[in-house]
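# Working through the structure, step by step
Here's the letter readout for the chains.
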Amino acid sequence: MPNALYPVPPIPHGTEQKWTNWGGNQSCTPAFTVRPKTEQEVLDTVRFAIKEGLPVRAVGAGHSFTPLVQTGGILMDLEGLAGLTGTDTDKNRVRMYGGTRISDVGAPLWDKGLSLSNQGDIDKQAIAGAISTGTHGSGIDLGSFSSALRWAKIVNGHGEIVEVGEDQLRELKAAQVALGTLGIFLEVELQASPAYHIVEEITYPLWDDVERNWEENIRNNRHYSFIWCQEEGSAELYELPTPKGESMVNRTYTKKYRAANLDEATELSSVEGARKDRAYNIYAGGYMIPFHELEYYVPAEQGLEAVKAVQNLLQTTHKDQKYPLEVRWVKGDEGYISPFYKRDTTVLSVSGAPGTDYWPYLRDLDALLEDFDARPHWGKIHFMTRERMQRHFPEYDTFVQVRREFDPNGVFLNDHTRALVG
Ligand SMILES: Cc1cc2nc3c(=O)[nH]c(=O)nc-3n(C[C@H](O)[C@H](O)[C@H](O)COP(=O)(O)OP(=O)(O)OC[C@H]3O[C@@H](n4cnc5c(N)ncnc54)[C@H](O)[C@@H]3O)c2cc1C
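What comes next concerns the included structure. (Residues numbered from 1 in each chain as written. Predicted model: local features only at pLDDT ≥ 70, side-chain atom pairs only at ≥ 80, totals over all residues. Heavy atoms only, no water.)

## A word on the site of the ligand
Near the ligand there are 36 residues, and of these Ala 58, His 63, Ser 64, Asp 121 and Thr 133 occur at the shortest range. Asp 121 is positioned such that a nitrogen or oxygen atom in its backbone is 2.7 Å from an oxygen atom of the ligand. Separating an oxygen atom of the ligand from a backbone N or O atom of Leu 179 is a distance of 3.3 Å. Mapped onto the shell around the ligand, the elements with two or more residues apiece are strand S5 (56–59), helix H4 (127–133) and strand S12 (184–191). Per-element accounting of the shell around the ligand gives the leading share, 5 residues, to H4. The residue makeup of the shell around the ligand, split by class, is 17 nonpolar, 15 polar and 4 charged. (Near = heavy atom within 4 Å. Polar contact = N/O pair within 3.5 Å; in protein donor to acceptor, adjacent residues only side chain to side chain. Helix = DSSP H or I, 4+ residues; strand = E, 2+ residues; numbered from the N terminus. Nonpolar A, V, L, I, M, F, W, Y, C, P; charged D, E, K, R; others polar.)

So this is what it looks like as structure tokens:
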């Protein structure tokens, strides 16, 4: 029984609780699972871990597909340390606890006249979890959650609380995407936007149309994204609505969002595919049926060529793969190991079916996109190694230096992160 090996941690905890991620492809049995509700409890737990020589990993909503959370030491679930802690409407800034779920931010932020500047396909993640992996939405002029990070309060591997802000750019750029390796993010400050509504437009153009209007759609929409279906049954794997009587083969589910300032008494709409609502209501949602996803990022100038190469792979060597191809865009940023580091990006996401051998497909895709200098989503399946990171991230060494300053003894490393950035 793991608990017998160690003294009792200084806060309420459970032992031998198996943890599993959303996708069901990662699990572990930590020695302790702790659920701190105060900053002091986080600090006490980290100090206990340092004293006992136990590693610590944080978990947000468990929506990553990679072994980021796994630990045999202390798993720290930060769901209890959640909620907004402040807003600055002059600078459009918001502060919140690291465990705050994105879905819980929209309404209280709206009451202060603010909205998150962009969101992804779902809003179930914890904010520190989303920041830690470079989680993003779509829009060539819109950065990831990580790029919006302006300040963070962190418990580091020395057992201290430290603050990182815009006056320490080196540390801030490391903190923007850190895979949980700098320490526990207690609280974060994000650049937000004045509150805005979204006018949604969902259409189902054929591929030729998408290709013909490629650049115009990217440039002329706040949010533009599409999901290309290779098979009739592909759309339903992502629970997508489809137009009645039309084949989805070689057709896309296309989303365009325009920001607006609507009169809530007269202009809102809940018509599916043409909703008009507060931004956070349009972004709300999650998936019900698990899938195992890989997501790679290529320079936006090469986006079309890369998409056609993946379509070709699906139509030739890997005809057995039914999950569609999602394509999005993200603005370049400054985070040292951010996949968008100094590069406007086209995002390509594919999935394998749980319980099947999708590895040959994903490995072929990895090899194919290496020719496009692809970088991975850290929270989705990838094949990155330290040697590849050194090639793909010009500031890799700076990140590792900062990480070692924050956590010289590797309290916050597990096998996966040690191999990448230890
Ligand atoms: C259905 C689904 C849809 C998705 N849609 C998108 C999308 O649209 N766009 C996109 O970019 N990604 C998307 N993702 C990926 C997801 O956003 C990322 O994997 C994200 O990191 C998950 O957030 P989480 O809160 O679940 O974090 P977890 O998976 O729990 O943790 C991720 C990392 O954050 C660290 N961490 C968590 N909390 C803290 C803390 N307080 N302090 C320090 N480190 C911490 C963990 O240690 C870990 O390293 C999706 C995933 C799923 C399953």
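## With respect to the environment of Gly 120
Looking at the element boundaries, Gly 120 is found in the loop between strand S9 (114–115) and H4. Counting along the chain gives 54 residues from Gly 120 to Ala 174, while the straight-line C-alpha distance between them is 22 Å. If we ignore the near neighbours within four places in the chain, the residues touching Gly 120 are His 136, Gly 137, Phe 145 and Tyr 283. (Contact = heavy atoms within 4.5 Å.)

## Brief notes about the sheet that holds strand S11 (residues 161–164)
Strand order across the open sheet formed by 5 strands is S7-S8-S12-S10-S11, with antiparallel pairing between neighbours. With one partner strand each, in any of the chains shown, strand S7 (84–88) and S11 form the two edges of the open sheet. Neighbour to neighbour, the strand axes of the sheet diverge by 10° on average, direction disregarded. Taken together, the 4 bridges between strand S10 (residues 149–155) and S11 define a ladder with antiparallel strand orientation. Counterpart to Ile 154 in the pairing with S11 is Val 162. In the packing of helix H2 (residues 39–52) onto the sheet, contacts are made with strand S8 (93–97), S10, S11 and S12, and the angle to S12 comes to roughly 135°. (Pairing = 2+ DSSP bridges. Axes fitted to C-alpha atoms, helices over the stretch in contact; angles between N-to-C directions.)

## Topic: the environment of Glu 189
Its location among the elements puts Glu 189 in strand S12. Taking relative accessible area as the criterion, Glu 189 reaches 10% and is therefore assigned buried. When the C-alpha atoms of Glu 189 and Gln 176 are compared, they prove to be 11 Å apart, with 13 residues separating the residues in sequence. Those residues in contact with Glu 189 that lie beyond four places of it in its chain are Arg 93, Val 94, Arg 95, Ala 148, Leu 149, Arg 150 and Trp 151. (Buried < 20%, exposed > 50% of the residue type's maximum accessible area, 1.4 Å probe, protein only.)

## A word on the layout of surface pockets
By volume, the largest pocket amounts to about 530 Å³. Every residue lining the largest pocket is counted, 26 residues in all, and those nearest its centre are Asp 121, Leu 240, Tyr 253, Lys 255 and Arg 275. Where the lining of the largest pocket is concerned, the elements lending two or more residues are strand S14 (197–203), strand S15 (223–229), strand S16 (251–260) and helix H9 (279–283). Per-element accounting of the lining of the largest pocket gives the leading share, 3 residues, to S16. (1 Å grid on protein atoms, 1.4 Å probe; cavity = no way out; pocket = protein on both sides within 12 Å on 5 of 7 lines; lining within 4 Å. Points joined across faces, edges and corners; volume = space filled by probe spheres on them.)

## Some points on empty space enclosed by the protein
One pass over the full model with this rule turns up 2 cavities of 30 Å³ or more. What the largest cavity holds in volume is close to 730 Å³. Along the wall of the largest cavity there are 45 residues; nearest its centre are His 63, Ser 64, Gln 125, Thr 133 and Thr 135. Of all elements in the fold, only S5, H4, S12, strand S18 (292–299) and strand S19 (325–330) reach the threshold of two or more residues within the lining of the largest cavity. In terms of residue count, H4 provides more of the lining of the largest cavity than any other element does, 5 residues in total. When the residues that make up the lining of the largest cavity are grouped by side-chain class, the tally is 18 nonpolar, 17 polar and 10 charged. Both domains that meet at the lining of the largest cavity, namely domain 1 (82–194) and domain 2 (197–386), each give it at least three residues. In this model, the second largest cavity occupies a volume close to 40 Å³. (Domains from an automatic or database assignment.)

## What about the pattern of salt bridges?
Scanning the entire structure with this criterion turns up 31 salt bridges. Salt-bridge contacts for Glu 189 lead to Arg 93; the nearest nitrogen and oxygen are separated by 2.7 Å. Separated by 96 residues along the polypeptide, Glu 189 in strand S12 and Arg 93 in strand S8 bring together distant segments of the chain. Across the pair, exposure class does not vary: Glu 189 and Arg 93 are buried alike. Each of Asp 121, Lys 255, Glu 293, Glu 295, Glu 326, Arg 328 and Lys 380 takes part in salt bridges that share partners, so that together they form one network. (Salt bridge = Lys/Arg side-chain N within 4 Å of Asp/Glu carboxyl O.)

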